[in-house]
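# Observations on the model geometry
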Amino acid sequence: MPKPGAHVQNEQPREEAPKKRVEEKEKIIILKIGGSSITHKGEEETLNTESLNWFARLIASSVNESFLSSSGTYNNVDSSRSKPKFIVVHGAGSFGHHSAKRYGLRCGKAVYIDELGTAVTGTSQSDINPSKRQKIGHHDETIIRQYQMEGLSKTRQSVQKLNTAVVNSLIANGVNAVGISPGMSTPLLRAHGGTSLPNDGDDDNDSVEGMKLLCQSIHQSLQAGLVPIVHGDACLLYDSIRAGILGGDTLAEGIATLWDESVGNRKNSRGDKISRVIFITDVAGVFSADPKADPNAVLVRSLKVDRNTGEVMIDKSNDNSDGNEGERSATLSVGESSHAHDVTGGLKAKLGAAVTIVQTGISVIITQCGSQSTEKFVKGDWTTVSDLEGGTLLSHSSSS
């Protein structure tokens, strides 16, 4: 034993070499909330403040702490585990759909697919407000274009009001959020978003490049510690002559499917990937039939998607409904929106977007606004979908 005061070389505190920081990949979740969930869709430009505040509180308690403001206290914040980053996409609801309906603006994705890229000279007379038809006549394309741009301008003004309200609610709940208005702010982006057709050549669909630019803008916000809030919008159709609707479902689909290609190799991307897309709607999930018309409709808990063909099958192995375990059926009835002013296609369009996303290997959840199931999905407090009361999980089949 050394004498008091003796110097012992090996007892000096050793200074550890600085540990090399490991850049952990953080998951990104797209939260797409329907406009009918945060507005009263039958009443023009009317917020559903209760639902909007619920959504803002849910994000504040679930998002990675680096996206919270530096002041204030946050209830229900669990710092014991890594939390996700969120990309929020919201629909227009009563902010935009009424105006779009008045001016005959259609879903840009539907127009693009229906017309298969065929050149169009102008708006059909059936799409024009009856009060304007006499003034327009049959061939006055200048007036037609002016009318379309009037519709685009007023619809866009309306949806931007909702975007501001969503951002304000998040900021009030301590989330550093920033609104992103995609339509006329992103070069090349058109109303069909990232939708492409089999006959599209490399230079025939500039909107795909526009969607990639939007992804880069969203990525920049995430890197800065800001939750991007993207809204469904009115913008130009593929022909750059007419106007159409770039819906929230189309945006969520484009962001999810083009994310890796857009930002995967960018500096400081850290390889962050989109791990899941959650569609928050005004219904509990996908039903076997329209529950508003068929009293025998049951909630489908799990759908399997063939990544090659896009075929959708009901997976009863994750289902609480009657049937043999593992039984699968391709029969699924999905209705259009029940809202008279909806111009984006309702659940049928949502399911189509979800299937496309799943084909890239990203799972999708469709769940109801305000429910405990949705809170657990967003927070990651679940193991299997059948453990929760509501929600439908879409994932790719093991054989594809």
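Our subject is the structure listed above.
The following paragraphs examine the structure supplied in this document. Along each chain, numbering runs from 1 in the same order as the chain's sequence is written. In view of the model being predicted, local features appear only for residues whose pLDDT reaches at least 70, and side-chain atom pairs are presented and counted only at 80 or more, with totals across whole chains, interfaces and linings using the full set of residues. Each side-chain value is derived from all of the structure's non-hydrogen atoms; neither hydrogens nor water enter the calculation.

### Points about the pairing of strand β5 (residues 233-236)
Test applied: Whether two strands pair depends on DSSP finding at least two bridges between them. Only runs of H or I of at least four residues qualify as helices and only runs of E of at least two qualify as strands under DSSP, and these elements are numbered from the N terminus.
Pairing between β5 and strand β6 (residues 243-246): four bridges, direction antiparallel. Opposite C235, over in β6, you have G244 as the bridge partner. The hairpin formed by β5 and β6 contains six residues between the paired strands, and S240 there has a positive phi angle of roughly 60°.

### Observations concerning the side chain of T281
For clarity, the cut-off: We call two residues in contact whenever any of their non-hydrogen atoms come within 4.5 Å of each other.
Within the secondary structure layout, T281 lies in strand β7 (residues 274-281). Not counting the four nearest positions on each side in its chain, T281 is found in contact with S37, K350, I366, T367, Q368 and C369.

### Quick notes on the nonpolar core
For the record, the criterion: Definition used in this section: a nonpolar core is a set of buried Ala, Val, Leu, Ile, Met, Phe, Trp, Tyr and Cys residues joined via side-chain atoms within 4.5 Å. For the exposure calls, accessible area comes from a 1.4 Å probe over protein chains only, and a residue counts as buried if that area is under 20% of its type's maximum, exposed if over 50%, partly exposed in between.
The biggest cluster of nonpolar side chains holds 82 residues, and the ones touching the most others in it are I255 and W259. Apart from residues lying up to four places away in sequence, I255 is in contact with I30, I87, V89, M211, C215, I218 and I274. Listed in part, the nine residues of the second largest apolar core include A100, Y147, L152 and A234.

### What to know about helix α10 (residues 372-379)
It helps to recall that an α-helix has 3.6 residues per turn; residues three or four apart then point in one direction. Put simply, the rule reads: This arc is built from the directions going out from the helix axis to the C-beta atoms.
What α10 keeps buried is the set S373, T374, F377 and V378. In an axial view of α10, the angular spread of the buried residues amounts to 130°, which keeps them on one side of the axis. Looking at the packing, one finds that the buried side of α10 touches β1 (28-33), α2 (49-62), β2 (85-90), β7 and β13 (363-368). Looking one or two residues beyond α10, the residue adopting positive phi is G380, at roughly 80°.

### As for the packing of helix α7 (residues 206-224) against helix α8 (residues 248-263)
Definition in use: Geometry is summarised by axes, namely lines fitted to C-alpha atoms with helices restricted to the contacting stretch, and by angles between N-to-C directions that run from 0 to 180 degrees. An angle below 35 degrees is read as roughly parallel, one above 145 as roughly antiparallel, one from 65 to 115 as roughly perpendicular, and any other as oblique. When residues are sorted by character, Ala, Val, Leu, Ile, Met, Phe, Trp, Tyr, Cys and Pro go into the nonpolar class, Asp, Glu, Lys and Arg into the charged class, and all the rest, Gly among them, into the polar class.
Between α7 and α8, whose axes approach to 8 Å, the crossing angle comes to 80°. On the basis of the axis angle, α7 is roughly perpendicular to α8. Here V208, M211, K212, L214, C215, Q216, I218, H219 and L222 of α7 come into contact with α8, specifically with T250, L251, G254, I255, L258, W259, E261, S262 and V263. Split by residue class, the contact of α7 with α8 holds 11 nonpolar, five polar and two charged.

### Here's the deal with the packing of aromatic side chains
Put simply, the rule reads: Each Phe, Tyr or Trp ring (for Trp, its six-membered ring) is paired with any other whose centre lies within 6.5 Å, and the angle between the two planes then decides the class: stacked below 30 degrees, edge-to-face above 60, tilted in between.
By the definition in use, this model includes three aromatic pairs. With 5.0 Å between their ring centres and 40° between their planes, Y103 and Y147 make a pair best called tilted. One end of the pair, Y103, is in the loop between α3 (97-102) and α4 (108-115); the other, Y147, is in helix α6 (residues 141-172), with 44 residues separating them in the sequence. Since its relative accessible area comes to 8%, Y103 is described here as buried. Ring geometry for F377 versus W382: centroids 5.1 Å apart, planes at 80°, classification edge-to-face. We note that F377, like W382, is buried.

### Structural notes on unusual backbone geometry
Positive phi, normally seen in glycine, also occurs at E45, with a value near 50°. Take E45: it is sitting in the loop between α1 (35-38) and α2. Take E45: its relative accessible area is 30%, and that puts it in the partly exposed class. Despite not being glycine, S240 shows a phi value in the positive range, around 60°. Within the element layout of this structure, S240 appears in the loop between β5 and β6.

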